[in-house]
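Here's the letter readout for the chains.
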Amino acid sequence: MPSSRSWGRPDFLAVGRIVRPHGIRGEVAVEVLTDVRERIAPGAVLFLEGERPEPVLVEGARPHQGRVLVKLEGVRDRTSAEALRGKHLLVPFSQARDLGPDEYWPFEVVGMRVRVAGREVGEVCDVRRGKAHDIWVVRGEGGEFMVPAVRAFLLKVDMEARVVEVADVPGLLEGGLEEA
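As a starting point, this report considers the structure included with it. (Residues numbered from 1 in each chain as written. Predicted model: local features only at pLDDT ≥ 70, side-chain atom pairs only at ≥ 80, totals over all residues. Heavy atoms only, no water.)

## Observations concerning the overall build of the protein chain
No. 1: Looking only at helices and strands, one finds two helices and twelve strands in the protein chain.
No. 2: Burial status across the protein chain gives 37% buried among its 180 residues.
No. 3: Here the contacts in the protein chain between residues at least 6 apart in sequence split such that 52% fall between residues at least 24 apart.
No. 4: Surface exposure of the protein chain reaches about 10,500 Å², of which carbon and sulfur atoms provide 50%.
No. 5: Charge-centre separation for the protein chain: the mean point of 26 positive side chains lies 5 Å from the mean point of 29 negative side chains. (Helix = DSSP H or I, 4+ residues; strand = E, 2+ residues; numbered from the N terminus. Buried < 20%, exposed > 50% of the residue type's maximum accessible area, 1.4 Å probe, protein only. Contact = heavy atoms within 4.5 Å. Areas by Shrake-Rupley, 256 points an atom, 1.4 Å probe, with all protein chains shown as cover. Lys, Arg positive; Asp, Glu negative; His and termini not counted. Charge placed at Lys NZ, Arg CZ, Asp CG, Glu CD.)

Put into structure tokens, the structure is as follows:
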């Protein structure tokens, strides 16, 4: 039986999402999805999302308005850059950083059952990246609500049983907490 840390492990992890083209020389604006910002740096080899992820060299990268403007090898004009809109930049999972004891990959928590005060209220259906921490989106009979992925809210995460016990916070189940 696989360990809880390898349950459903993907081949690749997304480290960025191409938001839009920038300028006329093939640069793209990338939303960074990794804590290891050096992954999207000149000289890095990433993989471009697709049926068969293809390696691509980062020729240049610079910060711009909360994102990174990236020049990828072979992307020479706006038309080529536009074709990449919405695609993810990936790294092999084998290059993933080690997680701490209270950190989880999104693929590990999506599908987990959620309990509040011992009562099952739904399951994690999405993980959103927040400014300070991830937000777990939970869908149940009462609709969707959001849970900050921090120790104060996540009382117990049982990876083997695929259950998370969430703190009983007033208002949590009535539409959730807004992202800060």
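What follows picks up the thread again.
## Examining the sheet that holds strand E5 (residues 67-72)
Where strands meet in a sheet, backbone hydrogen bonds hold them as pairs that are either parallel or antiparallel.
No. 1: Spatially, six strands are ordered E1-E2-E5-E4-E3-E6 in a closed barrel, and the strand pairing comes out antiparallel. Between one strand axis and the next, the sheet turns through 50° on average, direction left out of account.
No. 2: Strand direction decides the pairing type here: strand E2 (residues 27-32) and E5, joined by four bridges, are antiparallel. Looking at E5, one finds that Val30 is bridged to Val68. (Pairing = 2+ DSSP bridges. Axes fitted to C-alpha atoms, helices over the stretch in contact; angles between N-to-C directions.)

## Re the environment of Leu155
No. 1: In this structure, Leu155 sits in strand E11 (residues 154-158).
No. 2: Taking the relative accessible area as the measure of exposure, Leu155 reaches 55% and is therefore exposed.
No. 3: In this structure, the C-alpha to C-alpha distance between Leu155 and Ala167, residues twelve residues apart in sequence, is 6.1 Å.
No. 4: Those residues within four positions of Leu155 in sequence are excluded, and the remaining contacts are Glu165, Val166 and Ala167.

## As for the sheet that holds strand E9 (residues 134-140)
No. 1: Strand order in the open sheet formed by six strands is E10-E9-E8-E7-E12-E11, and the pairing between neighbours is mixed. Whereas interior strands pair on both sides, the edge strands pair on one side only; in this sheet they are strand E10 (143-148) and E11. When strand polarity is set aside, the average angle formed by the axes of neighbouring strands in this sheet is 35°.
No. 2: With four bridges connecting them, strand E7 (residues 113-116) and strand E12 (residues 163-166) associate as parallel partners. Counted as the bridge partner of Val114 is Val164 from E12.

## A look at the layout of surface pockets
No. 1: Volume-wise, the largest pocket comes out at about 1,000 Å³.
No. 2: Around the largest pocket, the lining comprises 35 residues; the ones closest to its centre are Leu33, Trp105, Pro106, Arg129 and Asp134.
No. 3: Among the elements of the structure, strand E1 (12-22), strand E6 (88-92), helix H2 (106-109), strand E8 (119-129) and E9 are those that each provide at least two residues to the lining of the largest pocket.
No. 4: Here the lining of the largest pocket is built from residues that sort into 20 nonpolar, four polar and eleven charged. (1 Å grid on protein atoms, 1.4 Å probe; cavity = no way out; pocket = protein on both sides within 12 Å on 5 of 7 lines; lining within 4 Å. Points joined across faces, edges and corners; volume = space filled by probe spheres on them. Nonpolar A, V, L, I, M, F, W, Y, C, P; charged D, E, K, R; others polar.)

## Considering the pairing of E12
No. 1: Strand direction decides the pairing type here: E11 and E12, joined by four bridges, are antiparallel. When the bridges of E12 are listed, Lys156 appears paired with Glu165.
No. 2: Where E11 folds back onto E12 in an antiparallel hairpin, the turn is made up of four residues, including Arg162, whose phi is positive at roughly 60°.

## Looking at unusual backbone geometry
Leaving glycine out, the prevailing phi sign among residues is negative, and the prevailing peptide bond configuration is trans.
No. 1: For Ala117, which is not a glycine, the phi torsion comes out positive at approximately 50°.
No. 2: Residue placement: Ala117 occurs in the loop between E7 and E8.
No. 3: Of the residues examined, Ala117 reaches a relative accessible area of 60% and is grouped as exposed.
No. 4: With phi around 60°, Arg162 is a residue other than glycine that occupies positive phi space.
No. 5: Looking at the element boundaries, Arg162 is found in the loop between E11 and E12.

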